[in-house]
Amino acid sequence: MDKLFKRNLNKLKNTLEELDNSQSPTYYNITENFRVNGERNYQVINLNFDQEAGGLWFGDALDEMLKDISYVLNGFLIESMDQLELISLKPLQARFTFMDGFILINQVVDANE
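Residues numbered from 1 in each chain as written. Predicted model: local features only at pLDDT ≥ 70, side-chain atom pairs only at ≥ 80, totals over all residues. Heavy atoms only, no water.

1. Quick notes on the sheet that holds strand β1 (residues 27-34)
Strand order in the open sheet formed by five strands is β2-β1-β8-β7-β6, and the pairing between neighbours is antiparallel. In this open sheet, the two strands that pair with only one neighbour each are β2 (38-45) and β6 (81-89). The mean inter-strand angle of the sheet, taken between neighbouring strand axes irrespective of direction, is 15°. Sheet topology places strand β7 (residues 92-98) next to strand β8 (residues 101-108); six bridges connect them, and they run antiparallel. Looking across to β8, one finds that threonine 97 is bridged to phenylalanine 102. Lying over the sheet, helix α1 (residues 3-20) contacts β1, β6, β7 and β8, oriented at roughly 50° with respect to β6. (Pairing = 2+ DSSP bridges. Helix = DSSP H or I, 4+ residues; strand = E, 2+ residues; numbered from the N terminus. Axes fitted to C-alpha atoms, helices over the stretch in contact; angles between N-to-C directions. Contact = heavy atoms within 4.5 Å.)

2. Concerning the environment of aspartate 68
With respect to the helices, strands and loops of the structure, aspartate 68 is situated in the loop between β4 (55-59) and β5 (75-77). Overall, aspartate 68 belongs to the partly exposed group, its relative accessible area being 26%. Linking aspartate 68 and isoleucine 30, residues 38 residues apart in sequence, is a C-alpha distance of 13 Å. What aspartate 68 contacts, discounting residues up to four positions off in sequence, is Arg40 and Asn74. Within polar-contact distance, the side chain of aspartate 68 engages the side chain of serine 70 at 2.5 Å. (Buried < 20%, exposed > 50% of the residue type's maximum accessible area, 1.4 Å probe, protein only. Polar contact = N/O pair within 3.5 Å; in protein donor to acceptor, adjacent residues only side chain to side chain.)

Here you go:
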């Protein structure tokens, strides 16, 4: 892991934790686009992750992601990633890039959108 990746990963984790600790739920629109499954979109509440065993393991407040274990965001090895780009911290927008696709995380500013 290079320094930029570590810095971006720490910023992402801290931002998700801050948003998770707020008084109201935080919604995220997730887009996964990979050769195998094509483009898939879903929404989660209060996204979080842990880093262990060389991977990133994501979860959400209502376990929506576990309803489809084929979602790549459920977990992946860090070495399988090409890049983590923090596009914006307020509102949060992050992009994980892989050799065969990407995951885009967008914080929903207004849950009615």
